[in-house]
Every structure is written in C-alpha cells, then in structure tokens.
Amino acid sequence: NIMLLVNKAEGQYLLGKQQKSTELKREALKTFEQALNVVSDKTELSNLVLTRVGRVGDVDELIAWGRSKLAQRPDWREMHLVMSRLYRSQGNYEQEIAELLQAREGAPDRQATAIDRMLSLAYQLAGRKDEAVACYRRILEKEPENQGILNNLAYTLLEQGGHQDEAVQLAEKAYELDPSKADVMDTYALALLAKGQYERAELIMRRAIQQLRQEGQ
C-alpha cells in the first residue's frame, strides 16, 4: 500500500531528525525510493509522494540524496520531480525548470501535461513569460476548458501587450466556464479595458468586487 510506505518513510525520517540518527534517515529515504518506484507514471499518486518528501525538511540533505540517485539513474522521472519541488522551496526557479524539463522528456501525454502545469508556474516565477505562454498553449491543446490556464494565459498576454483580441477571447471563455471566481472576473475586466470596452469592463469589475465581499475578502 502506497500510503503505508509514505507514512513509514515520513515517520522514519522525522524520528531520525529527532534522534539525530543518520541511519534512520537513510532508511527513510530508501522507503521513499520504494514509493517513487511504485507510483511511476501515476500522476496523482506521484504528486502525493512528492509532497510528502518535501514535507520532511532538510532541503540541502534531500537535494544531495536526489543528485546521488540521479547520477545512478539519470532518466528517473519521479526523482527529477522531487528535485524540482526541492529547488522551488529554495526559490531556485532556474534549477527547478531544468529538473522539470528532464522529467518531461519521454513522459506519457497525461504526465507531460501535468509537468507542463508545473513548468508554466516555474517560468512565471523566473520571469520567462514567453516560455510560460508556450506551456499554457500546450496545456490547452489537451485541456481546452481548463479555466485556470485560460485565465493565466489571458493575463500573461495582457502583460506582454499586443495580444488584446486573443486575451479577451481567452478571458471570456474562462469567465463563461465559471463566472463566480473573482480572479477570473478581474482578468476579463482588464482584457475588456485593453480593448476599450469600458462599460462591460466596469460591470465585470463590480461583480468581482461583490464576489470578494461575499467571500469576506
């Protein structure tokens, strides 16, 4: 059972930290390796294990562990994903991107799309807008009604300038999928403003403000 493995690994590692036992932590990492092998190419379970690995702390120690394993198995996709999470926790977005690109090579379509979602955020955080846009477009080829990605692409195109028509189309589609989200309304209103549709933009912005008030924000 994958949860038993993950719980065992996390418990071992935390106990090892408490007792300052290198041996216990080493055993914990071996158990995490078992879990990563079990969930290979299973995106949801893989994400669960990745999250739990990142929770145990000692990032530098975990990065050293990951590097040693990738030296032995350079194509170990799940370990590249672990490393990407660890580098993000350090704010090292360029190294995170490098690990995600390694993980994406040869990945099945579904997992490649999941990695693209991670990549799009990493590119945004690194200030690499053009590559973020390319990621968003790839995701939408597979998930044309992904509201979050539609919204993010529309907003990024508005930031870049010169794409107002497409930004309006994307933002409007995101809004139509679920008109109750304030961030989606905000992007749609900004897109409408960029196109000079001031009355419609004001109406949408008022709805966004009303929604935020209802949510207590």
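Structure's up top.
A brief report on the enclosed structure follows. Keep in mind it's a predicted model, so treat the numbers as computed, not measured.

1. Thoughts on the packing of helix α1 (residues 2-19) against helix α2 (residues 22-38)
Then comes step 1: Two elements in contact, α1 and α2, have axes separated by 8 Å at closest approach and are oriented at 160 degrees. Of the possible angle classes, the one that applies to α1 and α2 is roughly antiparallel. Considering how the two elements wind past one another, α1 and α2 form a crossing that is left-handed. Where α1 abuts α2, its residues Ile2, Leu5, Val6, Lys8, Ala9, Glu10, Gln12, Tyr13, Leu15, Gly16, Lys17 and Gln19 lie against Leu24, Lys25, Glu27, Ala28, Leu29, Thr31, Phe32, Gln34, Ala35 and Val38.

2. Here's the deal with helix α10 (residues 164-177)
Then comes step 1: Counted at 1.5 Å a residue, the expected span for α10 with its 14 residues is 20 Å, and the 20 Å between its end C-alpha atoms agrees.
Then comes step 2: Those residues of α10 that sit buried are Ala167, Val168, Leu170, Ala171, Ala174 and Tyr175.
Then comes step 3: Elements in contact with the buried residues of α10: α8 (129-142), α9 (147-160), α11 (182-194) and α12 (198-214).

3. Examining the packing of helix α6 (residues 93-104) against helix α7 (residues 109-125)
Between two packed helices, what matters for the description is the angle formed by their axes and the separation of those axes.
Then comes step 1: With their axes 9 Å apart at the nearest point, α6 and α7 run at an angle of 165 degrees to one another. Between α6 and α7, the angle falls in the class roughly antiparallel. Every pair of crossing elements has a handedness; the one defined by α6 and α7 is left-handed. In this structure, α6 contributes Tyr93, Glu96, Ile97, Leu100, Leu101, Ala103 and Arg104 to the contact, and α7 contributes Ala112, Ile115, Asp116, Met118, Leu119, Ala122, Tyr123 and Leu125.

4. With respect to the nonpolar core
Then comes step 1: By size, the foremost hydrophobic cluster in this structure holds 62 residues, and its most contacted members are Leu36, Val49, Trp65 and Val82.
Then comes step 2: In this structure Val82 touches Leu36, Leu50, Val53 and Trp65, once residues within four positions along its chain are discounted.

5. Structural notes on the environment of Thr31
Then comes step 1: Of note, Thr31 is situated in helix α2.
Then comes step 2: Overall, Thr31 belongs to the buried group, its relative accessible area being 4%.
Then comes step 3: Taking the C-alpha atoms as reference points, Thr31 and Arg52, 21 residues apart in sequence, are found 12 Å from one another.
Then comes step 4: If sequence neighbours within four positions are ignored, Thr31 has contacts with Leu5, Lys8, Ala9 and Gln12.

6. Examining a nonpolar patch on the surface
Then comes step 1: A surface patch of nonpolar side chains, about 390 Å² in accessible area, is lined by Tyr155, Leu190, Leu193 and Tyr198.
Then comes step 2: Counting through the fold element by element, Leu190 comes out in helix α11.
Then comes step 3: With a relative accessible area of 32%, Leu190 lands in the partly exposed category.

7. A look at the pattern of salt bridges
Then comes step 1: In total, this model carries 15 salt bridges according to the counting rule given.
Then comes step 2: Between Asp116 and Arg138 there is a salt bridge, and its shortest N-O distance comes to 2.7 Å. You can see Asp116 sitting in helix α7 and its partner Arg138 sitting in helix α8, a full 22 residues away along the chain.
Then comes step 3: Arg138 gets classed as partly exposed once you look at its relative accessible area, which sits at 31%.
Then comes step 4: Glu202 is paired through a salt bridge with Arg206; the nearest N and O atoms lie 2.8 Å apart. In this pair, Glu202 and Arg206 are both assigned in helix α12, four residues apart and thus about one turn of the helix distant.
Then comes step 5: For Glu202, a relative accessible area of 44% puts it in the partly exposed group.
Then comes step 6: Connected through shared salt-bridge partners, Glu94, Arg128 and Glu131 make up one network.

Reading the values: the criteria
Residues numbered from 1 in each chain as written. Predicted model: local features only at pLDDT ≥ 70, side-chain atom pairs only at ≥ 80, totals over all residues. Heavy atoms only, no water. Axes fitted to C-alpha atoms, helices over the stretch in contact; angles between N-to-C directions. Helix = DSSP H or I, 4+ residues; strand = E, 2+ residues; numbered from the N terminus. Parallel < 35°, antiparallel > 145°, perpendicular 65-115°, else oblique. Left-handed = near helix turned anticlockwise from the far one by under 90°. Contact = heavy atoms within 4.5 Å. Expected span 1.5 Å × (residues − 1). Buried < 20%, exposed > 50% of the residue type's maximum accessible area, 1.4 Å probe, protein only. Core = buried A, V, L, I, M, F, W, Y, C linked by side-chain atoms within 4.5 Å. Patch = residues over 30% accessible without salt bridge, like charges linked within 9 Å, V, L, I, M, F, W, Y side chains within 5 Å. Areas by Shrake-Rupley, 256 points an atom, 1.4 Å probe, with all protein chains shown as cover. Salt bridge = Lys/Arg side-chain N within 4 Å of Asp/Glu carboxyl O.

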